[in-house]
Amino acid sequence: MAKGPVSIQQILARAQSALGSLGIATVYRTLNLLLESKRIQTVILPDGQTCYERSGMGHHDHFQCRRCKNVYDLEVCPLHLARGTIVPGGFLVEDHEMTLYGICPACSEAKPKKTAARLTAKRARAPHAHP
Ligand SMILES: [Zn+2]
Ligand SMILES: [Zn+2]
C-alpha cells in the first residue's frame, strides 16, 4: 500500500484483515479518539471523500489516481507559492492544500497498450468514470 491518506473503507478493510471481525462503530470510535488527541487529521478530497492521515507531517500535497483511486503523498510541493504572497485581487496567501489528479506509476505501468498521455487526456474529460 502506498504512503498517503486512507479512506474509512481502507481502514476498515485493513483492520478486519489484521484483527478479524471488527465493527465499523469500533473503527469510528478509535478514529475519533485519534482525531481528538490530534494524532491523526482529516483530509477532505475535492470529490468530498474524507480520508485520514498522521498529524505533524508538515506541508505536503496529494495526488489521486483516477484509475485505482489511491491517494498518495507528494514528496515535493509542485506549487512554488511562499506564505505571505499576495495574489491578484489582494488575497494574502497563508497556506494551501492541493490534490492533483492523474495516473499513478503503478497504473501507468499496468497498461502498456495505450500511452499514458492519451489515457490521461481521455480521463480528464470523464472525472468520475469507473474503469
Ligand atoms: Zn493508480
Ligand atoms: Zn504544496
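Our subject is the structure that appears above.
Enquirer: Sorry if this is basic, but what is going on with the pairing of strand S3 (residues 50-54) here?
Expert: Each regular strand carries side chains that alternate between the two faces of the sheet. Looking at chain direction, strand S1 (residues 6-7) and S3 are connected through 2 bridges and run antiparallel. Bridge assignment links valine 6 to a residue of S3, and that residue is tyrosine 52. Here strand S2 (residues 40-44) pairs with S3 via 5 bridges, running antiparallel. Residue pairing in the sheet places isoleucine 40 in a bridge with arginine 54 of S3. Counting the residues in the hairpin turn of S2 and S3 gives 5 residues, including glycine 48, whose phi is positive at 95 degrees.

Enquirer: What am I meant to see in helix H1 (residues 8-19) here?
Expert: Owing to its 3.6 residues per turn, the α-helix brings residues three or four apart onto one side. The first and last C-alpha atoms of H1 sit 16 Å apart over 12 residues, in line with the 16 Å expected at 1.5 Å per residue. Immediately beyond the C-terminal end of H1, within one or two residues, lies glycine 20, with a positive phi of roughly 80 degrees.

Enquirer: Could you clarify how one ought to interpret the sheet that holds strand S4 (residues 62-65) in this entry?
Expert: Within a beta sheet, neighbouring strands are joined by backbone hydrogen bonds and run either parallel or antiparallel to one another. Taking strand neighbours across the sheet as the criterion, the 3 strands line up as S5-S4-S8 in an open arrangement whose pairing is mixed. Pairing within the sheet leaves two strands with one partner each, and these edge strands are strand S5 (71-73) and strand S8 (99-102). Strand-to-strand twist in this sheet, taken as the mean axis angle between neighbours without regard to direction, amounts to 30 degrees. Of the strand pairs in this sheet, S4 and S8 are connected by 4 bridges, and their pairing is parallel. Pairing of histidine 62 across the sheet is with threonine 99, part of S8.

Enquirer: It is not clear to me how the nonpolar core should be interpreted in this structure. Could you clarify?
Expert: One finds Cys51, Cys65, Val71, Tyr72, Ile103 and Cys104 forming the largest nonpolar core, which totals 6 residues. When neighbours within four sequence positions are excluded, cysteine 65 is seen to be in contact with Asn70, Gly102, Ile103, Cys104 and Cys107.

Rules behind the numbers
Residues numbered from 1 in each chain as written. Chains lettered and ligands numbered in written order. Predicted model: local features only at pLDDT ≥ 70, side-chain atom pairs only at ≥ 80, totals over all residues. Pairing = 2+ DSSP bridges. Helix = DSSP H or I, 4+ residues; strand = E, 2+ residues; numbered from the N terminus. Expected span 1.5 Å × (residues − 1). Axes fitted to C-alpha atoms, helices over the stretch in contact; angles between N-to-C directions. Core = buried A, V, L, I, M, F, W, Y, C linked by C-beta atoms within 7 Å. Buried ≥ 20, exposed ≤ 12 C-beta atoms within 10 Å, placed from the backbone. Contact = placed C-beta atoms within 7 Å.

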